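Listed below, chain by chain, are the residues.
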Amino acid sequence: MFLCRAEVTVKGAAAAAPFRRTCAVLALAASLAAASAAGAGTTRLTRTEQSFVVAVNRIRSANALSPVAIDAKLVNAARFHSADMVEHGYFGHGAWDVRLVRFGAVGPRVGEDLGWAATADPVGTIVREWLASPSHRAVLLRPGFRRVGIGVRVGPFRGWPRAVVVTADFEGR
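These numbers come from a predicted model, not from an experiment.

> Quick question: what am I supposed to make of the pattern of salt bridges here?
Side-chain pairing between opposite charges can occur once the charged atoms of the two side chains come close. Here the structure, examined in full by the defined rule, presents eight salt bridges. E171 is the salt-bridge partner of K73, the closest N and O atoms lying 3.3 Å from each other. With K73 in helix α3 (residues 72-88) and E171 in strand β6 (residues 160-172), the pair connects residues that are 98 residues apart, well separated along the chain. Residue K73 is classed as partly exposed on the basis of its relative accessible area, which comes to 23%. The partner of E87 in a salt bridge is R153, and the shortest N-O contact between them spans 3.1 Å. Here E87, found in helix α3, pairs with R153, found in strand β5 (residues 145-157); they are 66 residues apart in sequence, far enough to count as distant. On the basis of relative accessible area, R153 is assigned to the partly exposed category, the value being 31%.

> Which parts of the structure should I look at to understand the packing of helix α2 (residues 47-62) against helix α5 (residues 122-132)?
Each pair of packed helices gets described by two things: the angle between the helix axes and the distance between those axes. Taken N-terminus to C-terminus, the directions of α2 and α5 make an angle of 35°; their axes are 10 Å apart at the nearest point. Where α2 crosses over α5, the two elements pack in a sense that is right-handed. Across from T48, S51, F52, A55 and I59 in α2, the residues of α5 making contact are P122, V123, I126, V127, W130 and L131.

> Quick question: what am I supposed to make of the pairing of β6 here?
Moving residue by residue along a regular strand, the side chains alternate between the two faces of the sheet. Most of β6 sits out of view: 10 of its 13 residues are buried. In the sheet, strand β4 (residues 109-117) pairs with β6 via nine bridges, with the strands oriented antiparallel. Its bridge partner being in β6, E112 is matched across the sheet by D169. Note that β5 and β6 share 11 bridges and pair antiparallel. Its bridge partner lying in β6, V148 is registered against F170. In this structure, the hairpin formed by β5 and β6 is closed by a connection of two residues, where R158 is found at a positive phi of approximately 50°.

> Would you take a moment to explain the environment of I126 for this structure?
Residue position: I126 is located in helix α5. Spatially, the C-alpha atom of I126 lies 7.1 Å from that of W116, the residues being 10 residues apart in sequence.

> Just checking my understanding: could you explain the nonpolar core for this structure?
For soluble globular proteins, the rule of thumb is that nonpolar side chains tend to be buried together. Counting residues in hydrophobic clusters, the biggest one holds 26 residues, and the most contacted among them are F52, V127, W130, I150 and F170. Broken down by secondary-structure element, the contributors of at least two residues to this core are α2, α5, α6 (134-140), β5 and β6. It is α2 that contributes the most residues to this core, five residues altogether. Counting nine residues, the second largest nonpolar core, distinct from the first, contains M85, A118, A163 and V165.

Quick notes on the rules
- Along each chain, residue indices are assigned from 1 in the same order as the chain's sequence is written.
- Local features in a predicted model are, by the rule used here, given only for residues with pLDDT of at least 70; side-chain atom pairs are given and counted only at 80 or more, and totals for whole chains, interfaces and linings are based on all residues.
- Working from all heavy atoms in the structure, the side-chain values ignore hydrogens and water.
- One side-chain nitrogen of Lys or Arg within 4 Å of one carboxyl oxygen of Asp or Glu is enough to make a salt bridge.
- Put simply, DSSP H or I for four residues or longer makes a helix, DSSP E for two residues or longer makes a strand, and each gets a number counted from the N terminus.
- Categorising residues by exposure relies on relative accessible area from a 1.4 Å probe, with only protein chains included: less than 20% of the type maximum marks a residue as buried, more than 50% marks it as exposed, and the intermediate range marks it as partly exposed.
- In this analysis, axes come from line fits to C-alpha atoms, helices being fitted only over the stretch in contact, and the angle between any two N-to-C directions falls in the range 0 to 180 degrees.
- What makes a crossing left-handed is the near helix being turned counterclockwise from the far one by less than a right angle; a clockwise turn instead makes it right-handed.
- In this analysis, two residues are considered to be in contact whenever any of their non-hydrogen atoms come within 4.5 Å of each other.
- Paired strands are those between which DSSP finds at least two bridges.
- In this description, a nonpolar core means a group of buried Ala, Val, Leu, Ile, Met, Phe, Trp, Tyr and Cys residues linked to one another through side-chain atoms lying within 4.5 Å.

Rendered as C-alpha cells:
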C-alpha cells in the first residue's frame, strides 16, 4: 500500500527571494542512499535510507546521469518531515519549500518526493512507483540534481502497524 506525490520548485530570480512552486504533481516515496564524501560528513544513513540512495543512483547511472551525493542539511530536512508525518498521521508536503530553506537549501532548483509503503520490499515498491509516474521519474532523473537527502521513519501509519514513510529532498540546477 502506498501513496505518492512530487513537486519541483525553482528559486526566485533574486537571490534573497523565497522559493516558489512551479509544479505540483503526484509522486511516491523517496529515500536515497549511497553516502558520498561531499556533504555526507557526520551524517550516517540508516540501512533503509542507504538502500534508497543506492536504488536512485543505480537508476541515474542506467540513464547516463551523475549520481546524487548525500547532503547533511537535506537529510536533516527529510528526516524531520518523515518523522512529522508519522507522528502526526498525515501524508503531504506542506510548506516544503519553506522547510528546505529553513534547513539551509540554496537550490537554485529543489525537488521533493514523498512515499510510504507497508510491503516486504518498501524501497523497491516505492522506487518502481516513482519510475512508473512521469512526474516522479522527472524528479529522480533530473540531470541538474547533484545532492540529496533521504529521511525514513518506520512506524504505525494510516492503519498499518508498520509502514516505511520516506521523504527525498533534491537540490541542484
